[in-house]
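So you can see what is in the structure, the chains are spelled out below.
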Amino acid sequence: MNEIVQMLSYHFMQRALLVGVLVSLCAALLGVSLVLKRYSMIGDGLSHVGFGALAIASALHLAPLAVAVPVVIVTAVLLLRLSENKKIKGDAAIALISSSALAIGVISVSVTTGMNTEVSSYMFGSILSLSRTDTVLSVILSVCVLALFIAFYPRLFAVTFDESFAKATGTRTEAYNTLLAVLTAITVVLGMRMMGALLISSLIIFPALSAMRVCRSFRGVVLTAAAVSVGCFLAGAVASYFLETPTGASIVAVNLLAFAVFSLAGKRR
């Protein structure tokens with residue numbers, strides 16, 4: 001207990017836990033809709049785009065989040081439009097854009113600053129290096145994502161379960177699909193600092209899949225996924241601190257363990 005109190009006394013841990021809890025909550029809530037709509041891999045694609053944008057911003061000495069957020073939002077909307085195109089399927093569109101953005105980011109880094117600590121943190125995650133400015137911006141954006149999700153929860157529920165019926169009843173399905181894509185883009189960019197471009201999709205997928213093993217209602221899955229996501233983040237962050245392991249990998253390992261437990265519980269039911 002004394003060691004935990006000492007851990008919480010550090011400012012960098014306070015910032016990491018605050019941002020991590022909010023981002024985990026956002027990822028879990030959005031992840032339920034993305035998994036049910038079969039858009040779960042969009043997080044992986046957007047994280048590669050985010051890495052490319054962050055690499056270019058680092059090379060040009062610009063504010064990383066200020067560059068990455070609008071770029072990833074535009075890409076998310078573009079991916080949504082491409083997934084509706086019969087000539088290019090959704091998974092092909094994600095692979096096309098993500099691999100291109102990742103290649104551009106690597107080239108930008110190699111010809112300018114090289115793979116420095118800042119760029120590496122966005123690839124593999126380094127939540128303990130959050131600055132005060134990044135923390136404030138991350139908290140503001142996370143609260144906005146949560147507020148919009150709660151405000152439009154009934155509409156997002158409608159377009160998630162039966163988009164055709166929702167459109168027939170007059171719901172502007174394209175607008176709410178776009179809103180879902182924008183909220184996902186913001187969450188992915190914020191989560192990259194915590195999990196890295198290689199692991200951020202796990203933060204979206206694992207809690208939703210774990211909750212679906214034991215819950216049968218949409219609201220039950222959403223609430224359970226939120227609780228699982230926050231709990232796994234806290235457990236992973238604490239384990240990372242005491243075991244001196246990478247934070248992102250530790251959080252994924254805890255999520256994997258939780259998925260196994262929920263799967264067993266679902267079979268027993």
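Bear in mind the structure is a predicted one, so any value in this text is a computation, not a measurement.

Colleague: Give a description of the overall build of the protein that names residues and reports values.
Modeller: Helices and strands together make up the secondary structure of the protein, namely 13 helices and zero strands. The secondary structure elements of the protein, listed N-terminal to C-terminal, are α-α-α-α-α-α-α-α-α-α-α-α-α. Looking at the protein residue by residue over its 269 residues, the buried ones come to 49%. For the protein, restricting intrachain contacts to residue pairs at least 6 apart in sequence, the fraction spanning at least 24 positions comes to 77%. When the accessible area of the protein is evaluated, it comes to approximately 12900 Å², of which 67% is carbon and sulfur surface.

Colleague: I'd like a description of the packing of helix H12 (residues 218–243) against helix H13 (residues 247–268), backed by residues and values.
Modeller: Running from amino to carboxyl end, H12 crosses H13 at an angle of 135°, the nearest separation of the two axes being 8 Å. Between H12 and H13, the angle is such that the two are oblique. Classified by chirality, the crossing of H13 by H12 is right-handed. Of the residues in H13, those in contact with Thr224, Val228, Cys232, Phe233, Ala235, Gly236, Ala237 and Ser240 of H12 are Thr247, Ser250, Ile251, Val254, Asn255, Ala258 and Phe262. Its residues placed into classes, the contact of H12 with H13 shows nine nonpolar, six polar and no charged.

Colleague: Tell me what's going on with the packing of helix H11 (residues 200–212) against H12, and back it up with residues and numbers.
Modeller: Viewed as axis vectors pointing N to C, H11 and H12 meet at an angle of 130°, and their least axial separation amounts to 8 Å. It follows that H11 is oblique to H12 by the angle criterion. Pair H11 / H12 crosses with right-handed handedness. In this structure, H11 contributes Pro207, Ala208, Ser210, Ala211 and Met212 to the contact, and H12 contributes Val221, Thr224, Ala225, Val228 and Ser229. Of the residues assigned to the contact of H11 with H12, the class counts are seven nonpolar, three polar and no charged.

Colleague: So, a nonpolar patch on the surface: which residues are in play, and what are the values?
Modeller: On the surface, a cluster of nonpolar side chains totalling about 600 Å² of accessible area is made up of Met1, Ile4, Val5, Leu8, Phe242 and Leu243. Within the residue set of the nonpolar patch, elements represented by two or more residues are helix H1 (2–8) and H12. Assignment of secondary structure puts Phe242 in helix H12. A relative accessible area of 34% places Phe242 in the partly exposed class.

Colleague: Got a sec to walk through the state of the cysteines? Specific residues and values, please.
Modeller: In this structure the tally under the stated criterion is zero disulfides. Cys26 forms no disulfide, and the closest cysteine sulfur to it belongs to Cys144, at a distance of 9.6 Å. Cys26 sits in the buried class, given a relative accessible area of 2%.

Colleague: Now, about the confidence of the model for the protein: what can you tell me, with residues and values included?
Modeller: Put simply, the protein has an average pLDDT of 81, and 89% of its residues get 70 or more. The secondary-structure element of the protein with the lowest mean pLDDT is helix H6 (residues 117–124), recorded at 64, while H12 shows the highest, at 90.

Colleague: Go over H11, please, and point to the residues and values.
Modeller: With 12 of 13 residues buried, H11 is to be regarded as a mostly interior element. Of the residues making up H11, those classed as buried are Ile200, Ser201, Ser202, Leu203, Ile204, Ile205, Phe206, Pro207, Ala208, Ser210, Ala211 and Met212. Contact partners of the buried residues in H11: helix H2 (11–36), helix H3 (42–59), helix H10 (173–195), H12 and H13.

Colleague: Explain H2 residue by residue, including any values.
Modeller: In this model, H2 (26 residues) spans 38 Å end to end at C-alpha, consistent with the 38 Å of a helix rising 1.5 Å per residue. Looking one or two residues beyond H2, the residue adopting positive phi is Arg38, at roughly 60°.

Colleague: Could you give an account of the side chain of Thr135, naming the residues involved and the relevant values?
Modeller: Here Thr135 lies in helix H7 (residues 132–151). By relative accessible area, which is 7% here, Thr135 ends up buried. The contact partners of Thr135, leaving out residues within four places of it in the chain, are Arg15, Val19 and Leu130.

Colleague: Would you mind going over the environment of Ala197 in detail, with residue names and values included?
Modeller: Checked against the element boundaries, Ala197 lands in the loop between H10 and H11. Look at Ala197 and you get buried, because its relative accessible area is 1%. A C-alpha to C-alpha distance of 9.9 Å links Ala197 and Gly52, two positions 145 residues apart in sequence.

Colleague: Help me get a handle on the packing of aromatic side chains, residues and values and all.
Modeller: All told, the structure shown has six aromatic pairs when counted by the stated rule. On the numbers, 6.3 Å between centres and 70° between planes, the contact of Phe206 with Phe259 is edge-to-face. Taken together, the residues Phe206 in helix H11 and Phe259 in helix H13 connect sequence positions 53 residues apart. Phe259 sits in the partly exposed class, given a relative accessible area of 23%. One aromatic cluster is present, formed by Phe149, Tyr153, Phe157 and Phe218 through successive ring pairs.

How each quantity is defined
Residues numbered from 1 in each chain as written. Predicted model: local features only at pLDDT ≥ 70, side-chain atom pairs only at ≥ 80, totals over all residues. Heavy atoms only, no water. Helix = DSSP H or I, 4+ residues; strand = E, 2+ residues; numbered from the N terminus. Buried < 20%, exposed > 50% of the residue type's maximum accessible area, 1.4 Å probe, protein only. Contact = heavy atoms within 4.5 Å. Areas by Shrake-Rupley, 256 points an atom, 1.4 Å probe, with all protein chains shown as cover. Axes fitted to C-alpha atoms, helices over the stretch in contact; angles between N-to-C directions. Parallel < 35°, antiparallel > 145°, perpendicular 65-115°, else oblique. Left-handed = near helix turned anticlockwise from the far one by under 90°. Nonpolar A, V, L, I, M, F, W, Y, C, P; charged D, E, K, R; others polar. Patch = residues over 30% accessible without salt bridge, like charges linked within 9 Å, V, L, I, M, F, W, Y side chains within 5 Å. Salt bridge = Lys/Arg side-chain N within 4 Å of Asp/Glu carboxyl O. Disulfide = S-S within 2.5 Å. pLDDT = per-residue confidence, 0-100. Expected span 1.5 Å × (residues − 1). Phe/Tyr/Trp six-rings, centres within 6.5 Å; stacked < 30°, edge-to-face > 60°.

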